Amino acid sequence: MQDIGEILNIGALCALGRTATNPVLSTIKYFKDEYLAHIRDKKCPAGVCRELIEYTIDSEKCTGCGVCARGCSTKAISGEKRQPHMINQGMCIKCGACFDSCKFGAVTKR
């Protein structure tokens, strides 16, 4: 992206073409580590890209209260009462309802 942006800045025939890439080049300059984390590691350091977030339940912290399961609109959370629950990643839409509702800090966001 950086190479293409620099080529456009040099080779564009109009002022719009020469400046159109400036926002992208500026963000690459100041946030290059975040770009690399997204592209190479498939991780979002800011934790805001839904496609790259994964919610999991820590079995040691989970009390099996079921609050997270009741709040899950896709029924992606399963487990017996008073037993650690699990999130089916294939069904999870990454809405964060489980994370927000857990009072024990058992739901983690990566």
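See the structure above.
These notes cover the structure that comes with them.

What counts, and at which threshold
- Residues numbered from 1 in each chain as written.
- Predicted model: local features only at pLDDT ≥ 70, side-chain atom pairs only at ≥ 80, totals over all residues.
- Heavy atoms only, no water.
- Helix = DSSP H or I, 4+ residues; strand = E, 2+ residues; numbered from the N terminus.
- Buried < 20%, exposed > 50% of the residue type's maximum accessible area, 1.4 Å probe, protein only.
- Salt bridge = Lys/Arg side-chain N within 4 Å of Asp/Glu carboxyl O.
- Axes fitted to C-alpha atoms, helices over the stretch in contact; angles between N-to-C directions.
- Parallel < 35°, antiparallel > 145°, perpendicular 65-115°, else oblique.
- Left-handed = near helix turned anticlockwise from the far one by under 90°.
- Contact = heavy atoms within 4.5 Å.

### What about unusual backbone geometry?
At Lys42, a position not held by glycine, the phi torsion is positive, near 55 degrees. Mapped onto the fold, Lys42 is located in the loop between helix 3 (22-41) and strand 1 (55-57). A relative accessible area of 53% means that Lys42 is categorised as exposed.

### Some words on the pattern of salt bridges
Summed over all chains, the structure comprises one salt bridge. Across the salt bridge formed by Glu54 and Arg110, the nearest N and O atoms sit 2.8 Å from each other. Of this pair, Glu54 sits in the loop between helix 3 and strand 1 while Arg110 is found in the segment after strand 4 (107-109), placing the two residues 56 residues apart along the sequence. On the basis of relative accessibility, which here comes to 59%, the residue Arg110 falls in the exposed class.

### Considering the packing of helix 1 (residues 2-11) against helix 3
Running from N to C, helix 1 and helix 3 point in directions that differ by 140 degrees, and their axes come no closer than 9 Å. Taken together, the axes of helix 1 and helix 3 are oblique relative to one another. For the crossing formed where helix 1 meets helix 3, the hand is left-handed. In this structure, helix 1 contributes Gln2, Gly5, Glu6 and Asn9 to the contact, and helix 3 contributes Asn22, Leu25, Ile28 and Lys32.

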